[in-house]
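Coordinates in review
In case you want the letters, here they are:
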Amino acid sequence: MGAFELAALGYNHKNMKLTIYLLCFAALPAAQDGREVFIRQCAVCHGDGHGTERGPNLTANRRVRSQSIDQLRSLIRNGVPSGGMPAFALPAGELQAVTAFVRSLNASASEAHAPGDPAAGERYFFSEGRCGQCHMARGRGKPAGPDLSAAGREMTLPGLQEAVLHPSAAIKPGYEVVRVSLRAGPVLRGFARNRSRYSLQLQDFDGRFHLLDQREIAAVQTEAASLMPPPTCAPTECRDVVAFLSSLTGPRPGETGRPLENETGISFSRIAAPQAGDWPTYHGNIGGNRHSPLDQVNTSNVKDLALQWVFPINHFVIEATPVVVDGVMYVTGPNQVFALDARAGRTIWHYQRPRGEGVRGDPAKGANRGVAVLGDRVFLVTDNARLLALHRVTGQLLWEVDIPEGLDNKNYGNTSAPLVVNDLVVAGVSGGDLGVRGFLSAYKASTGERVWRFFTVPLPGEPLSEGWKGTDLANYGGGGATWMTGTFDPETNTVFWGVGNPYPAMSGDQRKGDNLYTACVLALDAATGALRWHYQFTPHDLFDWDGGQTPLVVNRPFRGRERKLLVQANRNGFFYVFDRVNGELLLAEKFVDRLTWAAGIGKDGRPILVPGMEPTRAGTKVCPNVLGATNWPSVALSPQTGWFYLMTREACGVYVKPPSWNPKPIAVEPGRMFLRALDIETGRRVWEVPQTGGADSWGGVLSTAGGIVFFGEDSGAFSAVDANTGKDLWHVQTNASTELGDGHSWRASPMTYLAGGKQYIAVAAGPNILSFGPR
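Throughout, residues of each chain are indexed from 1 in the direction in which the sequence is written. Only residues with pLDDT of at least 70 get local features here, since the model is predicted, and only at 80 or more are side-chain atom pairs given and counted; chain-wide, interface and lining totals rely on the full set of residues. Note that the side-chain values use all heavy atoms of the structure and ignore hydrogens as well as water.

All right, on to the overall build of the protein then. Along the protein, the regular secondary structure elements total 13 helices and 44 strands. Just to be clear, the radius of gyration here is over C-alpha atoms, and the globule rule we use is 2.2 Å times residues to the power 0.38. For the protein, whose C-alpha radius of gyration is 28 Å, the value lies close to the compact-globule estimate of 28 Å for 775 residues. Across its three principal directions, the C-alpha atoms of the protein cover 90 × 65 × 45 Å. Considering the protein as a whole, with its 775 residues, one finds that 58% of them fall into the buried category. Considering only contacts within the protein whose residues lie at least 6 apart along the sequence, 61% involve residues at least 24 apart. The Shrake-Rupley method, run with a 1.4 Å probe sphere, supplies the accessible areas, and residue values consider only the shown protein chains as cover. For the protein, the computed accessible surface area is about 30,700 Å², with 53% contributed by carbon and sulfur atoms. His residues and chain termini do not enter the charge count, which takes Lys and Arg as positive and Asp and Glu as negative. Taken as the charge location is NZ of Lys, CZ of Arg, CG of Asp or CD of Glu. Across the protein, the 75 positively charged side chains and the 72 negatively charged ones have centroids separated by 2 Å. Per the convention used, a helix needs a DSSP run of H or I reaching at least four residues, while a strand needs a run of E reaching at least two, with both numbered from the N terminus. Three labels apply to residues, based on accessible area from a 1.4 Å probe with only protein chains included: buried if under 20% of the type maximum, exposed if over 50%, partly exposed otherwise in between. In what follows, residue pairs with any heavy atoms lying within 4.5 Å of each other are defined as contacts.

See the structure below:
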């Protein structure tokens, strides 16, 4: 290819490095032929590959680079009709050639076989070059500038060379250096991770965030140059540094993570005893009590709450509860995490990976309920049951493990937030409605190494298998998923976790017996995973009433004696109170009126079954319905009132005994949702708030020291009532309701936090995170 041909393609001296790079591919027939096909078929929109007003830039494009050859081929063949790209019915040879050419425009630095000595480059990077003073790579260095642990995969070789040799030529978005003069006097200097006319999200060079309202800022001076100075390395040293960075492709799944050289962040003591204004876990309180000591918003001024900001996530319904620490909010969508300024709702960083292939059930719908945080790590589970650790400051992946490692079953997935316990992170699995062998695992937070695994059902022939008479255990695994986030008691070092239904859910002919440990709450030693005690709510469950509801940890007087309690309202319609040290059942009373399957709970702790309630081929009417008297929405217990708050469902259903899972829809009678307050010493209903809607609502509750209970009302309103009386105080209509169709009802529970010294209330409604604060 001569100079004339290069000019015809629109290349010039400014992109000569890319020209030289493409010439390397000229020797490859597929790329050569593909270039000709590209000019003929694609140039009208994409020009020379750098894009036009009709089509995007395809060179050094991270989105294109993230696609496999098969994915790119499929995209070219099928087009993107919603984006205006037509399908191309090309002969197989031409399709393969143009795919290879587009891929060549985006070949990563790790694929380009950069010359030089990567080991020498690494030594220079962390010693004479002092690059590690700002950058992290493989856990080494400081998180001031961008983490380079995956630079070889994320950048092209020309782009990497340019970044090393001319760092100010193209500053990465979010790393523009600014000097900020505050009206209060101090001057801050750091990276403008995001900014608008109204706020500035500043990260200083020690990795701390300063989240500023524009009214706090006197002046902002933008520095033209990158913080990184021009290199002083000799040519061979620069070459070796590029070779080292080109070799960095990020942590591989299952690869042991490296402890960070500069570990700061959030200590576990701050999670076990949250600082005022933080919401450091899914439940806010690691014991599962969604009660906040904040009282700026109270019964006298809640009427003045107003929407402060909205953050949309590209998913039709969000199930996450935001986590907030030091003014930074972490929210999730399907396989993604956003770090936000909790006061302004502006993005600091975003991590995302493609949705898993072959995923089934709720994970395939994109359900994800949030993150856990510890130290400098943010933990996320993916739809295909991977546990990820991301860096708190940069969002860079630090390690990744396959939770069902070693288990040959394609039905595992995950939807819930992990739980941090001391120096461990605990995660369960979903898939109980598809046929899995349930378990719970704990990993070292620093490295991802598995410390223990507890199986919730036995293998055939193991102890407890005598409670699984028949073929279902061997054929399907037993079920017993651990799909909802558990709780932790630091006083006794005990993890409490609910276990899902047995499988098949509504036919017990081939699983006769109690089917332990399905439909249970487990008390596990946090250090070893050893079982301390268990309680089974629904032995031989035939109604899909699992034990995944929140096991709430609380210390309170109970019937004249100070007790360490565990409280759970179960899906089967009964409210339970335990001594959490030894598992003694202290109370079991029904909390719904429509309950027909059992007459009560006997002195032996087992339900007193009503005859004739089993599912049949013709169908059996049973109350509550398959959605449960309650379910996974969050609960709260106020220390001021002593009452337990929860969302309840009064509804019955017709249970059909299937040859396999749910061969036809289960008829559901019209039901009704209620917000209820219960006296935990008696189970007595103190007050209730009847709701209007389809009784298909999944939002939980939040109580506060301001005397308020917030909840998602069945019609779609976000509401506040008096914690003492249930009297309506405030509401705003979000239309998170089944009236708009399946999946539009509430799917998340509210939380509260402080930012800039003010109390906010946040909740996910539909595809949006909503944050409310004082006018």
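Before going further, it helps to spend a moment on the side chain of threonine 99. Locating threonine 99 in the fold gives a position in helix α7 (residues 92-104). A relative accessible area of 0% means that threonine 99 is categorised as buried. When neighbours within four sequence positions are excluded, threonine 99 is seen to be in contact with Ile69, Leu72, Arg73 and Ile76.

Turning our attention to the packing of helix α6 (residues 69-78) against α7. Contact pair α6 / α7: the axes reach a minimum separation of 9 Å and the direction vectors enclose 115 degrees. Crossing of α6 against α7: the hand is right-handed. Residues Ile69, Leu72, Arg73, Ile76 and Arg77 of α6 lie in contact with α7, whose contacting residues are Leu95, Gln96, Val98, Thr99 and Arg103. All residues other than Ala, Val, Leu, Ile, Met, Phe, Trp, Tyr, Cys, Pro, Asp, Glu, Lys and Arg, Gly among them, are scored as polar; the first ten of these are nonpolar and the last four charged. Across the contact of α6 with α7, the residue classes tally to five nonpolar, two polar and three charged. Throughout, an axis means a line fitted to C-alpha atoms (over the contacting stretch in the case of helices), and angles, computed between N-to-C directions, take values from 0 to 180 degrees. Put simply, a crossing is left-handed when the front helix is turned counterclockwise from the back one by less than a right angle, and right-handed when it is turned clockwise.

A few words on the sheet that holds strand β11 (residues 328-333). Strand pairing in a sheet is mediated by backbone hydrogen bonds. Such pairs are either parallel or antiparallel. With antiparallel pairing, the four strands of this open sheet are ordered in space as β10-β11-β12-β13. Single-partner strands in this sheet number two, and they are β10 (323-325) and β13 (347-352). Direction aside, neighbouring strands of the sheet carry axes that sit 15 degrees apart on average. We call two strands paired when DSSP finds no fewer than two bridges between them.

So, about helix α8 (residues 118-126). Among the residues of α8, Ala120, Gly121, Tyr124, Phe125 and Phe126 are the ones counted as buried. Buried residues in α8 make contact with β1 (136-137), β2 (140-141) and α11 (235-246). Whenever two N or O atoms come within 3.5 Å, that pair is a polar contact, provided that in protein one can donate a hydrogen and the other can accept it, and provided that, for residues adjacent in sequence, both atoms are side-chain atoms. For α8, the N-terminal cap is aspartate 117; the gap from its side-chain oxygen to the backbone nitrogen of alanine 119 is 3.0 Å.

A pair of aromatic rings is counted whenever rings of Phe, Tyr or Trp (Trp by its six-membered ring) have centres within 6.5 Å, and the orientation is called stacked for planes under 30 degrees apart, edge-to-face for over 60 and tilted otherwise. Applying the stated criterion to the full structure yields 39 aromatic pairs. Ring centres 5.3 Å apart and planes at 55 degrees place the aromatic pair phenylalanine 38 and phenylalanine 101 in the tilted group. Taken together, the residues phenylalanine 38 in helix α3 (residues 29-41) and phenylalanine 101 in helix α7 connect sequence positions 63 residues apart. This pair shows no difference in class: phenylalanine 38 is buried, exactly as phenylalanine 101 is.

This paragraph deals with α6. All of the buried residues along α6 are Leu72, Arg73 and Ile76. Across the axial projection of α6, the buried residues extend over an arc of 100 degrees, all falling on one side. Buried residues belonging to α6 abut α5 (62-65) and α7. It is the directions from the helix axis to the C-beta atoms whose arc is reported.

What follows covers the nonpolar core. Among the buried residues, those of types Ala, Val, Leu, Ile, Met, Phe, Trp, Tyr and Cys that are joined through side-chain atoms within 4.5 Å form a nonpolar core. Formed by 63 residues in total, the largest nonpolar core has its most connected members in Tyr330, Trp349, Phe379, Leu387 and Ile403. Those residues in contact with isoleucine 403 that lie beyond four places of it in its chain are Val381, Ala385, Arg386, Leu387, Asn414, Ala427, Gly428, Val429, Phe439, Ser441, Tyr443 and Arg453. Leu595, Ala629, Val635 and Phe644 belong to the second largest nonpolar core, which has 44 residues in total.

What follows deals with the state of the cysteines. Note on terminology: pairs of cysteine sulfur atoms within 2.5 Å are recorded as disulfides. One pass over the structure, following the stated rule, counts two disulfides. Across the disulfide from cysteine 233 sits cysteine 238; the S-S distance is 1.8 Å. Taking the torsion about the S-S bond as the criterion, the cysteine 233 to cysteine 238 disulfide, at about 80 degrees, is right-handed. On the basis of relative accessible area, cysteine 233 is assigned to the buried category, the value being 15%. Looking at cysteine 238, the relative accessible area reads 9%, which means it is buried. Across a sulfur-sulfur distance of 1.9 Å, cysteine 623 and cysteine 652 are joined as a disulfide pair. Here the S-S torsion is close to 95 degrees, and the disulfide linking cysteine 623 with cysteine 652 is therefore right-handed. Of the two residues, cysteine 623 is situated in the loop between β32 (620-622) and β33 (636-637) and cysteine 652 in the loop between β34 (643-650) and β35 (653-655); the sequence distance between them amounts to 29 residues. With its bonded cysteines labelled in order along the sequence, the protein shows the pairing 1-2, 3-4. Cysteine cysteine 131 shares no disulfide, and the gap to the nearest cysteine sulfur, in cysteine 233, comes to 7.9 Å. On the basis of relative accessibility, which here comes to 19%, the residue cysteine 131 falls in the buried class.

Here we take up the pattern of salt bridges. Salt bridge, as used here, is a side-chain nitrogen of Lys or Arg placed within 4 Å of a carboxyl oxygen of Asp or Glu. Under the counting rule described, the total for this entry stands at 41 salt bridges. Notably, a salt bridge pairs glutamate 216 with arginine 343, separated by 2.7 Å at the nearest N-O pair. Taken as a pair, glutamate 216 in the loop between β6 (209-213) and β7 (217-222) and arginine 343 in the loop between β12 (336-341) and β13 lie far apart in primary sequence, 127 residues in all. Residue glutamate 216 is classed as partly exposed on the basis of its relative accessible area, which comes to 33%.

The next subject is the pairing of β13. Taken together, the five bridges between β12 and β13 define a ladder with antiparallel strand orientation. Looking at the pairing, phenylalanine 338 lines up with histidine 350 of β13.

The subject of this paragraph is the side chain of glutamine 759. Along the chain, glutamine 759 falls in strand β43 (residues 758-765). Among the polar contacts listed, one links the side chain of glutamine 759 to the side chain of threonine 752, at a separation of 3.0 Å. When sequence neighbours within four positions are dropped, the list of residues in contact with glutamine 759 reads Leu294, Asp295, Gln296, Val297, Thr752, Tyr753, Leu754, Phe772, Gly773 and Pro774.

So, about the confidence of the model for the protein. Confidence per residue, as judged by the predictor, is encoded in pLDDT with a range of 0 to 100. This prediction gives the protein a mean pLDDT of 92; 94% of its residues lie at or above 70. This stretch, residues 1-30, has a pLDDT under 50; its non-local contacts, to residues over four places away or in other chains, come to 38 contacts.

Quick look at the sheet that holds strand β29 (residues 585-590) now. If you walk across this open sheet you meet the four strands as β26-β27-β28-β29, and the pairing is antiparallel. Single-partner strands in this sheet number two, and they are β26 (552-558) and β29. Here the strands of the sheet are splayed against their neighbours by 30 degrees on average, with no regard to which way each runs. Of the pairings in the sheet, the one linking β26 to strand β27 (residues 561-569) comprises seven bridges and is antiparallel in character. What sits directly across from valine 553, in β27, is leucine 566.

Another aspect to go through is the environment of valine 521. By secondary structure assignment, the location of valine 521 is in strand β24 (residues 520-525). Through-space distance from the C-alpha of valine 521 to that of glycine 583 is 9.8 Å; in sequence the pair is 62 residues apart. Setting aside its immediate chain neighbours within four residues, valine 521 contacts Trp497, Gly498, Trp533, His534, Tyr535, Phe537, Pro551 and Leu566.

On to unusual backbone geometry, then. The omega angle of the peptide bond from tyrosine 503 to proline 504 is -5 degrees, so this bond is cis rather than trans. With respect to the helices, strands and loops of the structure, proline 504 is situated in the loop between β23 (494-498) and β24. Here alanine 695, not a glycine, exhibits a phi torsion of approximately 55 degrees, which is positive. Inspection of the secondary structure puts alanine 695 in the loop between β37 (685-690) and β38 (701-704). On the accessibility criterion, alanine 695 (5% relative accessible area) is buried.

A few words now on the pairing of strand β21 (residues 450-455). Across five bridges, strand β20 (residues 439-444) lies against β21 in antiparallel orientation. When the bridges of β21 are listed, tyrosine 443 appears paired with arginine 450. Between the end of β20 and the start of β21, which pair antiparallel, lie five residues, with glycine 448 showing a positive phi angle near 85 degrees.

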